[in-house]
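Each chain is listed here by its residues.
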Amino acid sequence: MAAVKSYHYFADNGWHEPASRTWFDSFNPTTGEVWAYIPRCNAEDIDRAVQAAHAAFDPWRRLLPSARGNVVRKLGDALIDHAESLGAIETRDNGKKTVDITPALKTWLADSFYYYAGLCDKLEGSVIPVDAPGILNYTKHEPFGAVACITAWNSPLLVAIWKIAPALAAGNTVVIKPSEHASASMLALMEAFQETDLPTGVLNVVTGFGEETGEPLISHPLIRLVSFTGGVAGGSAVAMAASRQVKPVIMELGGKSPQIVLGDADLNLAANGIATGIFPPAGQTCIAGSRLLVQRELHDKLVDIVCNIVRPARLGHPENADTQIGPIANEPHFRRILEHIKEAKDEGARLVLGGNAVQPDSAPNGWFIEPTIFTDVTPDMRLAREEVFGPVLAVVPFDSEEDAIRIANDSKFGLAAGVWTRDSARGIRMAERIAAGTVYINNYFNATTQSPVGGYKQSGYGRENGIEGMKAFLQTKSVWLATEPNQPNPFA
Ligand code: NDP
């Protein structure tokens, strides 16, 4: 067994031991072994990081926009330079398949920095034709100050970069707290960024647990905005803590996204999309298409095709190039998914594929669960309502377009949806009626930096990616300038 790596946290351009002098274990989900020790930061560490971010804010926001853009662009270069080692850490810490994560870091995640670097000098205010003679009124977009980013474990670097790139480009400084289950890659990213011109205090990384580390970060009086990615329970606790000081929050939460297959769909195409939409990351993605709503007469045929596509999938060591599905990222979550499966059986859903924990030859001690499909799921079952965040697909039949919309929208979530039909106009009609932040028609899972993502209902609010992703980190100031004497004596 390799030596266990012990990390420090990063604040004010330096690496520090936590004030508590305690570390917690980070596990490799492929082996079940501890591979790293992560600092357990407390309020004292948070204060150091936030003070640094606060002190760095004014010079950072005052940098010429193109100069700030150049610094942000170099973060993208550093990401590409270190993609192999960062990818290896995500594989070890979180079970991400190396064949997926390393190329993703080099391409569209690096693009996130390039895209927002390019926007630094392009988000213009406006001159407003106000009903006020002798006044020039204009607006400008200004950063908030030191902002807190709190992230989930499923795609640690992706989730972090979607926040850091626009937040910094907008002129904010950042303190980020990754998930207790997957902190190492963010610390390693910070090491890579130290080779760039990023000024002291502009980006700081604290690690630890939600309530012990996250809560004091959100509640620190010098934090001006909170951007959160995680589950509904965590998000709601974070929003409540932020509301005590009236801090704006951006919430990227979970989903129970429907994939709707209409009677005129190309079934093979739809089946590919359904399998792609949930199983390759073992369902551990917020937009997983975890509810399959299918026109009743196609039900048996479609379920057969999907099962045939998924059955041969190779589960295994995420470092192996031929692995198609990696492990569940942490043991508590692995156990939760198995509980969901047991509960679905108890509720009367019919298991037609998978349903078990497995030990692949290449990783016999890892936390793996077979791709699992349940039919005979009714919309009131927990399996149809709660996010499993695992490789578990619930199939629900419907009888009409109207019925499909009703079932799709009968959810507390509204993150994403898929519609499969040969009739584009019908697809658009459905897209307009589905309450979700993203709707895919005849495809699923596409995401690029340019297009905004975010939730409706309990899937959250605010948007990441696209121009909106940067505007979320900006506030608007309206300036009123008198162009002629404009302030009469009110008592004359
Ligand atoms: P959690 O909500 O458990 O945790 C998310 C982050 O919040 C972690 O860093 C966690 O700390 C922290 N946290 C939890 N409670 C508090 C609190 N009271 N105060 C401050 N911080 C807190 O989510 P998971 O990590 O389990 O992630 C899975 C969820 O994330 C799923 O629901 C998934 O759908 C969602 N997600 C949404 C995405 C989107 O873009 N919409 C993208 C990716 C995931 P710690 O864990 O360290 O204790």
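For every chain, the first residue of its written sequence is number 1, and the numbers climb from 1 along that sequence. Selection of residues for local features in this predicted model requires a pLDDT of at least 70, selection of side-chain atom pairs for listing and counting requires 80 or more, and totals for whole chains, interfaces and linings are taken over all residues. Side-chain calculation: all heavy atoms of the structure are included, whereas hydrogens and water are not.

Colleague: Help me out: how do you make sense of the site of the ligand in this one?
Modeller: Taken together, 30 residues are adjacent to the ligand, and Lys 177, Glu 180, Gly 210, Leu 253 and Glu 387 come closest. Trp 153 has a polar side-chain atom sitting 2.9 Å from an oxygen atom of the ligand. Contact distances for the ligand include 2.8 Å between an oxygen atom and a backbone N or O atom of Gly 210. Only the protein chains shown count as cover for residues, and the accessible areas themselves come from Shrake-Rupley with a 1.4 Å probe. Starting from 910 Å² of accessible surface for the ligand in isolation, the protein chains cover 87%. Secondary structure elements follow DSSP: runs of H or I no shorter than four residues count as helices, runs of E no shorter than two count as strands, and numbering proceeds from the N terminus. Counting residues per element, the shell around the ligand draws most heavily on helix α7 (residues 210–219), which supplies five residues. When residue character is reported, Ala, Val, Leu, Ile, Met, Phe, Trp, Tyr, Cys and Pro are called nonpolar, Asp, Glu, Lys and Arg charged, and the others, Gly included, polar. Residue composition of the shell around the ligand, grouped by class: 13 nonpolar, 11 polar and six charged. Residue ranges for the domains trace back to a domain assignment, done automatically or taken from a database. For the shell around the ligand, the domains that each give at least three residues are domain 1 (5–253) and domain 2 (258–441). We call a residue near a molecule or strand when any one of its heavy atoms sits within 4 Å of it. Under the rule applied, a polar contact is a pair of N or O atoms within 3.5 Å (in protein, one hydrogen donor and one hydrogen acceptor; residues adjacent in sequence only if both atoms are side-chain atoms).

Colleague: Would you take a moment to explain the sheet that holds strand β13 (residues 258–261) for this structure?
Modeller: Whenever strands of a sheet pair, they do so through backbone hydrogen bonds, lying parallel or antiparallel. Spatially, seven strands are ordered β15-β18-β19-β14-β13-β21-β22 in an open sheet, and the strand pairing comes out mixed. Unpaired on one side and paired on the other, β15 (350–353) and β22 (438–441) mark the two borders of the sheet. For this sheet the average axis-to-axis angle between neighbouring strands, irrespective of direction, equals 25°. Contacts from helix α11 (residues 331–347) reach β15, β18 (372–375) and β19 (392–398) within the one sheet, and its direction differs from that of β18 by about 25°. Criterion used throughout: strands pair if DSSP finds at least two bridges between them. Axis angles are defined between N-to-C directions and span 0 to 180 degrees, where every axis is a line fitted to C-alpha atoms and, for a helix, only to the segment in contact. What makes two residues a contact is simply this: any of their non-hydrogen atoms within 4.5 Å.

Colleague: So what exactly am I meant to see when it comes to the packing of helix α3 (residues 83–94) against helix α4 (residues 98–119) here?
Modeller: The description of two packed helices rests on the angle between their axes and on the distance between the axes. Their axes nearest at 9 Å, the elements α3 and α4 cross at an angle of 140°. Judged on the interaxial angle alone, α4 and α3 are oblique. Handedness of the crossing formed by α3 with α4: right-handed. Of the residues in α4, those touching α3 at Ala 83, Glu 84, Leu 86, Gly 87, Glu 90 and Thr 91 are Thr 98, Ile 101, Thr 102, Leu 105 and Lys 106. The class makeup of the residues in the contact of α3 with α4 is four nonpolar, four polar and three charged. Throughout, the term roughly parallel applies to angles under 35 degrees, roughly antiparallel to angles over 145, roughly perpendicular to angles from 65 to 115, and oblique to all others. Should the near helix be turned anticlockwise from the far one by less than a right angle, the crossing is left-handed, and should it be turned clockwise, the crossing is right-handed.

Colleague: Would you take a moment to explain the pairing of β13 for this structure?
Modeller: Working note: regular strand, side chains alternate between the two faces of the sheet. In this scheme, a residue with accessible area under 20% of its type's maximum is buried, one over 50% is exposed, and one in between is partly exposed, where area comes from a 1.4 Å probe on protein chains only. On β13, burial covers both faces: Pro 258 and Ile 260 on one face and Gln 259 and Val 261 on the other are all buried. Note on handedness: a clockwise path from strand one over the helix to strand two, with the strands aimed away from the viewer, defines a right-handed crossover. Read from β13 through helix α9 (residues 267–276) to strand β14 (residues 291–295), the crossover connection turns out right-handed.

Colleague: Even after reading the chapter, I still don't get the pattern of salt bridges, so can you show me in this structure?
Modeller: Opposite charge on two side chains permits them to pair, given that their charged atoms come into close proximity. In what follows, salt bridge is the name for a side-chain nitrogen of Lys or Arg lying within 4 Å of a carboxyl oxygen of Asp or Glu. Across all of its chains, the model carries 24 salt bridges by this definition. Residue Arg 61 is joined to Glu 142 by a salt bridge in which the shortest nitrogen-to-oxygen separation is 3.7 Å. Taken as a pair, Arg 61 in helix α1 (residues 43–62) and Glu 142 in strand β7 (residues 135–143) lie far apart in primary sequence, 81 residues in all. As a salt-bridge pair, Lys 74 and Asp 197 come within 2.9 Å of each other at their nearest N and O atoms. One end of the pair, Lys 74, is in helix α2 (residues 65–81); the other, Asp 197, is in the loop between α6 (184–193) and β10 (203–205), with 123 residues separating them in the sequence. In this structure Lys 74 comes out as partly exposed when scored by relative accessible area, which is 36%. Because the salt bridges share partners, they merge into one network encompassing Arg 61, Lys 140, Glu 142 and Lys 477.

Colleague: Help me out: how do you make sense of the state of the cysteines in this one?
Modeller: Should the sulfur atoms of two cysteines be covalently bonded, the bond is a disulfide. Criterion for a disulfide: a pair of cysteine sulfur atoms at a distance within 2.5 Å. Here the structure, examined in full by the defined rule, presents zero disulfides. The thiol of Cys 149 is unpaired, and the distance to the nearest cysteine sulfur, on Cys 120, comes to 16 Å. A relative accessible area of 0% means that Cys 149 is categorised as buried. Cys 286 forms no disulfide, and the closest cysteine sulfur to it belongs to Cys 149, at a distance of 16 Å.

Colleague: Please explain the environment of Ala 270 as it appears in this structure.
Modeller: Tracing the sequence through the fold places Ala 270 in helix α9. In this structure, Ala 270 is in contact with Val 261 and Trp 420, ignoring residues within four places of it in sequence.

Colleague: Would you explain helix α8 (residues 232–243) in this entry?
Modeller: Along an α-helix, a turn takes 3.6 residues, which lines up residues three or four apart on a common side. Any helix carries an expected span of 1.5 Å times its number of residues minus one. With 12 residues, α8 extends 16 Å between its outermost C-alpha atoms, agreeing within 8% with the 16 Å of an ideal straight helix rising 1.5 Å per residue. If you check which residues of α8 are buried, you get Gly 235, Val 238, Ala 241 and Ala 242. On an axial view of α8, the arc spanned by its buried residues comes to 130°, and they lie on one face. Exposed residues lying more than 90 degrees from the buried face of α8 are Ala 233 and Met 240. If you follow the buried residues of α8, they end up packed against α7, β11 (223–229) and β12 (249–252). To be clear, the arc concerns the directions from the helix axis to the C-beta atoms.

Colleague: Where do I start with a nonpolar patch on the surface in this structure?
Modeller: Only residues above 30% relative accessible area that lack a salt bridge enter a patch, with like-charged residues linked at up to 9 Å and the nonpolar side chains Val, Leu, Ile, Met, Phe, Trp and Tyr linked at up to 5 Å. On the surface, Val 127, Leu 136 and Leu 481 cluster together to form a nonpolar patch covering roughly 260 Å² of accessible area. Tracing the backbone shows Leu 136 in strand β7.

Colleague: Whenever I open this one, the domain arrangement of the protein chain confuses me. Can you help?
Modeller: Reports of interface size often rely on the accessible area that becomes lost once the parts have come together. Considered domain by domain, the protein chain is made up of domain 1 (5–253) and domain 2 (258–441). In this structure, domain 1 and domain 2 have C-alpha centres spaced 31 Å apart. Contacts between the two partners involve 19 residues from domain 1 and, on the opposite side, 25 residues from domain 2. Summed over both partners, the accessible area (1.4 Å probe) lost when two parts come together is defined as the buried area. Across the domain 1 to domain 2 interface the summed buried area is about 1,700 Å²; carbon plus sulfur atoms make up 62%. Interface area lost by domain 1 to domain 2 is led by Thr 30, Lys 97 and Trp 153, which between them contribute 36%. Our count for the contact surface shared by domain 1 and domain 2 stands at zero salt bridges. For the interface between domain 1 and domain 2, the tally reads six residue pairs in polar contact (both at pLDDT 80 or more).

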